[in-house]
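Here's the letter readout for the chains.
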Amino acid sequence: MLKIKKKLAILGSTGSIGTQALTVVKNRPDIFEVFLLSANSNCELLYEQSQVFKPKHVVVNTERAYLFLKKKLGREITISMGMNQLCEVVQLPEIDLVLSAIVGSAGLRPTVSAILANKNIALANKESLVVAGELVMRLVKEKNIDFLPVDSEHSAIFQCLVGENSENISRLILTASGGPFINLPQKKFKNITVVDALNHPNWKMGNKITIDSATLMNKGFELIEAYWLFGLSEKNIDIIIHPESIIHSLVEFVDGSTKAQMGLPDMTTPILYALGFPNRIKYPFKALDLVDYSKLTFLDPDKLRFPHLRLAYECLAKGGTSTCSLNAANEISVSAFLNKEISFVNMFKLVEMSLEKSIFVNDPSLEDYLYVDSETRKITSELISKI
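Residues numbered from 1 in each chain as written. Predicted model: local features only at pLDDT ≥ 70, side-chain atom pairs only at ≥ 80, totals over all residues. Heavy atoms only, no water.

Concerning the sheet that holds strand β1 (residues 6-11)
Defined as follows: We treat two strands as partners when DSSP finds at least two bridges between them. Note on conventions: DSSP H or I runs of at least 4 residues are helices, E runs of at least 2 residues are strands, and numbering of each starts at the N terminus. The axes are straight lines fitted to the C-alpha atoms, using for helices just the contacting stretch, and the angles between their N-to-C directions are given from 0 to 180°.
Read from one edge of the open sheet, seven strands run β4-β3-β2-β1-β5-β6-β7, paired in parallel fashion. Across the chains shown, the open sheet's two edge strands, defined by having one partner strand only, are β4 (78-81) and β7 (147-149). Adjacent strand axes in the sheet meet at a mean angle of 25° when their direction is disregarded. Across four bridges, the pairing between strand β3 (residues 57-60) and β4 is parallel.

Quick word on the packing of aromatic side chains
Worth spelling out the cut-off: Centres within 6.5 Å make a pair out of two Phe, Tyr or Trp rings, where for Trp the six-membered ring is used; the pair is then stacked when the planes are under 30 degrees apart, edge-to-face when over 60, and tilted otherwise. Two thresholds decide whether a charge sits over a ring: the Lys NZ or Arg CZ must be within 6 Å of the ring centre and within 35 degrees of the ring normal.
Here the structure, examined in full by the defined rule, presents 10 aromatic pairs. Just above the ring of Tyr47 sits the side chain of Lys72; from NZ or CZ to the centre is 5.4 Å. The side chain of Lys318 reaches across the aromatic face of Phe360, ending 4.6 Å from its centre.

Some details on the pairing of β1
Worth spelling out the cut-off: Type-normalised accessible area, obtained with a 1.4 Å probe on protein chains alone, sets the label of each residue: buried when under 20%, exposed when over 50%, and partly exposed for intermediate values. Looking down the strands as they point away from you, a crossover is right-handed if its path from the first strand over the helix to the second goes clockwise.
By the criterion of burial, β1 is predominantly enclosed, with five of the six residues buried. Bridge count between β1 and strand β2 (residues 32-38): six bridges; the pairing is parallel. Pairing of Ala9 across the sheet is with Leu36, part of β2. Where the polypeptide runs from β1 across helix α1 (residues 16-27) and back to β2, its parallel neighbour, the crossover connection is right-handed. Two strands pair when backbone bridges link them, and β1 and strand β5 (residues 97-100) are joined in this way by four bridges, in the parallel orientation. Pairing of Leu8 across the sheet is with Leu97, part of β5.

Remarks on the packing of helix α2 (residues 43-53) against helix α3 (residues 63-73)
Quick note on the threshold: Working definition: roughly parallel below 35 degrees, roughly antiparallel above 145 degrees, roughly perpendicular at 65 to 115 degrees, and oblique for all remaining angles. Helix crossings get a hand from a simple test, with the near helix turned counterclockwise from the far one by less than a right angle marking a left-handed crossing and a clockwise turn marking a right-handed one. Should any heavy atoms of two residues lie within 4.5 Å, those residues are considered in contact. Ten residues, namely Ala, Val, Leu, Ile, Met, Phe, Trp, Tyr, Cys and Pro, are considered nonpolar, four, namely Asp, Glu, Lys and Arg, are considered charged, and the remaining ones, Gly among them, are considered polar.
For the pair α2 and α3, the least separation of the axes is 10 Å and the interaxial angle reads 30°. In terms of orientation, α2 and α3 fall into the roughly parallel class. The chirality of how α2 crosses α3 is right-handed. Note on element contacts: α3 touches α2 through Arg64, Ala65, Phe68, Leu69, Lys72 and Leu73, opposite Cys43, Glu44, Leu46, Tyr47, Ser50 and Gln51. Its residues placed into classes, the contact of α2 with α3 shows seven nonpolar, two polar and three charged.

As for the pairing of strand β10 (residues 247-253)
A large share of β10 lies buried, amounting to six of its seven residues. Sheet topology note: the strand β8 (residues 169-176)/β10 ladder contains five bridges and is antiparallel. The residue of β10 that forms the bridge with Ile169 is Phe253. In this structure, β10 lies alongside strand β11 (residues 258-262), joined through five bridges in antiparallel fashion. In the sheet register, Val251 faces β11, and the bridge partner there is Lys259. Here β10 folds back onto β11, and the loop between the two strands holds four residues, one of which, Gly256, carries a positive phi near 95°.

Written out as structure tokens, the structure is:
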């Protein structure tokens, strides 16, 4: 067990993963201590969190949030503003583990900065690997740090692989709930509203990831994340629809055996596993009762009805900055849908058109990734009015 407290940096503390991680910390203050909290602009919630957890540093991304917190907390906590400041603070020597839970590609730079400072990472920001997987994993290997997945599917695979030889892996199987439209006829997709798409049947998540789950783009991103985390070809990573969300993912081995990690659809367990690794932390939770789930269902995903998934496979196979462009175009399209600027079905059209126009770099640097990300966003934004 842990002998001394882990000092945590929680990036994206006001989001879904960040707030759940703080609940874990609140329940186990004997093990975890918060050193840094960061958020984009939700200064009211960040103020409440700071009052409870008393971090040494808080970083925000807007002037309004900075001024609000400076007035409220300035005498007690060091308040900083902007991405450059976050990248500096996350490297402070006191930090033991960084939970990277910022939504979208904005999480890439602070994640890379933390890795460069030899910080162990609990990764909830899958976009860091979707955007720049080759770069991030190269740095992880150079620094020889713990790089722990928080996504329930990748945490499940990680747990199944503990003690196993990577040469014995035959196949990874990512499970997907299928989202709210798995049984909806395709002809009705044109009538899907924002409210419909945000009504996920199993998981409580932020708006962006909930929309990605409805299109299955989130599963495409998880495919890319698994590719970089576990080093298997995309040909050896399969996706199956599992509406009950009880089996979080599976690993098939060369001898024909298969391991599965199971649990209720709740992010507390993968968060706790990543924060406590290599130990399992005792925690109050509701255990899975298999009698309540006497039937588990499995289906093949329909890439015709959910073409975002096909794009993810294609971009991963192409390599270079393709997945970076995919993520950027998707972020803009989801934002446009949430703002009711485009329809549900037009999200795919927008992403596909953006990929056709985006810049491609075969062997990118960090600067290349950031440039392609920015340019693709401009391309996608310009296309919105045209579709």
